[in-house]
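Below, each chain spelled out in residue letters.
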Amino acid sequence: MTKLVGNGFKPFPTKFEFCKLEFVSDFDIPISNFRITQQRMVFMNRREMKKMDTRIKAIRKAVQELKTLSGGIPAVDRNADRILASVKMLEINISDILDLKS
Amino acid sequence: MKTLAKGADAYWNPIMETLPLERLRDLQVKKFKKILEWAYERSKFHRSLYQGAGLEPGDIKSYEDVVRVPKVEKAMMRDIQRKDPFPYGDALCVPLEEVTEFRQTSGTTGTPVYQPDTWQDWEWWAEAWAYLLYAQGYRRTDRVFLPFGYNIFVAFWAGHYAAEKVGCEVVPGGVLDTEARILKIQELRATAMMATPTYVLGMADTARKKLGIDPARDLTIRKITCAGEPGASIPSTKQRMEEAWGAKVYDHIGATEIGAWGFECTAQPGGLHVNEALFLIQLEDLETGKIIEEAGRKGKIVITALDRIAQPCIQFDSKDVAEWSKDPCPCGRTFRVIKGGVVGRSDDITKIKGVLVAPSAIEEVVRSIKGLSNEFEVLVTKKGDLDDIALKIEILPDEEKNREMILTQLKDQLRLKTNLGYNIEVHPYNSLPRYEVKAKRFKDLRKHGL
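Cut-offs used in this document
- Residues numbered from 1 in each chain as written.
- Chains lettered and ligands numbered in written order.
- Predicted model: local features only at pLDDT ≥ 70, side-chain atom pairs only at ≥ 80, totals over all residues.
- Helix = DSSP H or I, 4+ residues; strand = E, 2+ residues; numbered from the N terminus.
- Rg over C-alpha atoms; globule rule 2.2 N^0.38 Å.
- Buried ≥ 20, exposed ≤ 12 C-beta atoms within 10 Å, placed from the backbone.
- Contact = placed C-beta atoms within 7 Å.
- Pairing = 2+ DSSP bridges.
- Axes fitted to C-alpha atoms, helices over the stretch in contact; angles between N-to-C directions.

1. Digging into the overall build of chain B
Next up, step 1: Regarding its fold elements, chain B presents 12 helices and 21 strands.
Next up, step 2: Relative to its length of 450 residues, chain B is compact, with a C-alpha radius of gyration of 22 Å against a globular reference of 22 Å.
Next up, step 3: Counting over 450 residues, chain B shows a buried share of 47%.
Next up, step 4: A separation of at least 24 residues holds for 69% of the contacts in chain B among residues at least 6 apart in sequence.

2. Re the overall build of chain A
Next up, step 1: Helix and strand counts for chain A come out as 2 helices and 3 strands.
Next up, step 2: Listing the helices and strands of chain A from first to last along the sequence gives β-β-β-α-α.
Next up, step 3: In chain A, buried positions account for 12% of the 102 residues.
Next up, step 4: A fraction of 27% describes how many contacts in chain A between residues 6 or more apart in sequence connect residues 24 or more apart.

3. A word on unusual backbone geometry
Residues and elements named next belong to chain B.
Next up, step 1: Note that the residue after Asp-84, namely Pro-85, is joined by a cis bond; omega there is 0°.
Next up, step 2: Here Pro-85 lies in the loop between helix H4 (74-80) and strand S1 (101-104).
Next up, step 3: Following Phe-86, the chain continues to Pro-87 via a peptide bond in cis, the omega torsion being 0°.
Next up, step 4: Topologically, Pro-87 is positioned in the loop between H4 and S1.
Next up, step 5: Phi at Ala-155 is positive, roughly 20°, even though this residue is not glycine.
Next up, step 6: The residue Ala-155 is located in the loop between strand S3 (143-146) and helix H6 (157-166) in this model.

4. Here's the deal with the sheet that holds strand S18 (residues 372-383) of chain B
Residues and elements named next belong to chain B.
Next up, step 1: Within the open sheet, the 4 strands sit side by side as S20-S19-S18-S21. Their pairing is mixed. Sheet topology places strand S20 (423-427) and strand S21 (442-444) at the edges, where each strand pairs with a single neighbour. Averaged over all adjacent pairs, the angle separating strand axes in this sheet is 15°, with direction ignored.
Next up, step 2: Bridge analysis of S18 against S21 gives 3 bridges, and the strand direction is parallel. Counted as the bridge partner of Val-380 is Asp-444 from S21.

5. Comments concerning the pairing of strand S6 (residues 223-226) of chain B
Note on strand geometry: in a regular strand, side chains alternate between the two faces of the sheet.
All names here are of chain B.
Next up, step 1: Here S6 shows no split at all, with Lys-223 and Thr-225 on one side and Ile-224 and Cys-226 on the other all buried.
Next up, step 2: Pairing of strand S5 (residues 192-195) with S6 involves 4 bridges; the strand directions are parallel. Paired with Met-193 across the bridge in S6 is Ile-224.
Next up, step 3: As paired strands, S6 and strand S7 (residues 248-255) are joined by 4 bridges and run parallel to one another. Looking at S7, one finds that Thr-225 is bridged to Tyr-250.

6. Digging into the sheet that holds S3 of chain B
Residue and element names in this part refer to chain B.
Next up, step 1: Spatially, the 8 strands line up as an open sheet ordered S4-S3-S5-S6-S7-S8-S9-S14, and their pairing is mixed. Strands with a single pairing partner mark the edges of an open sheet, and in this sheet they are strand S4 (169-172) and strand S14 (337-339). On average, each strand axis in the sheet is inclined to that of its neighbour by 30°, with strand direction left out of account.
Next up, step 2: Direction of pairing for strand S8 (residues 259-263) relative to strand S9 (residues 271-274): antiparallel, over a ladder of 2 bridges. Looking at the pairing, Phe-263 lines up with His-273 of S9.

Set out below in structure tokens:
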């Protein structure tokens, strides 16, 4: 469920418009602020991305361990490789941004 | 469970697609260094190319340094594949047994180039397409019809897998003929489809003439993604398609050796976004070779696919010509926009009677004239020492009464838009060649001494 406060969101925001979006999770914890300009919209903070990255790393580790445990069972290894290909897409979309300097 | 921010659902990846440009640059440079190192360590071709230029991966430290990396052209890829390992040659960066996909280029510009991909690469192809389909409004509620002969060319294969990834229901219209495809679209009430502009127009024609179906009125297709030809970025061709189908038509650009690197979004800003999350794209001045960052100057597009590993695409000279748009897109994406899409290919833009002409400019004029069919052909020859340009057209049967007016309008517009006079030949309706995939309407026979 998303609760909108402040100026409200417009599909084509005007310059330096500011709005605060409050997310309500299952635990009812507000988790983010959003600043919207004509140039960009920031949808998530670094801390939340870090959490996602941690989970992505855990999936990769678990799948690699699964491959080791399988002892070469094709049905495990090849399906695990397919999962790893998808994990790579998660890394491209989330993890790769995290270690930028700026 | 968290709910996505309102507004964020316009993007496949709201984080990446709204990243400030300076951070995108940092990301691109970081990944460029990585893929360069990957290729240098694993491919004999890349290593000798870079060593020949006195370059090592460590030499690339900034965005500006990227231009120092030698470019790869399609002709080089053709030479590479004559070497081992068969059939790809020494640009291959993974063991052969890791290759799971074979595709080849269409061969419109010469011998087809083979393209190996791993599972990860194929996942990446679908990811690039997912960015574009999502930007064009494809959602889980869509039933997507692919009137595409699934074959050796990559064409809409990746579109198929990306639509699945987005969560659409995908209907493969593979071996069906055009009439059967139209009837299946009608029967299943498909909401979206992907095809070349030539085929989109051809299908509409067939639907009306052979089946008595008006696609705009009788079918439920509301968005069409085009590829393979520049038509969807040519305003008059786009308008013809949108009117025929009663649908929004979006352009996309990609290549077998590169990936799907550019797309139009639902805001239709009069150009295509370049996908700066997955590609590093630079425009190079056609004469000086210097990088163009400002709007309004045409340049050759040089591309690096930042995450493609089996046969990396690094500093690929696409031969496509484009210019940056000066305005940001109202969709909020920070990915830059190339104005009007790709305006031509550097090897297609040719001098006729001393005037530089892009075939797309002729198409723009022909398709803007009401009363002409969708088909045309341009033939450039030599008559003595002089260039001659013949334009073959068809007049629609019920517009014959307006023949003189149509021809006058056509001549005037061609003169105005291309600065050239043409020998116009009117051919009987339905006599010019019809194409299903990539049309070959521009023929410069001067190269063959004609």
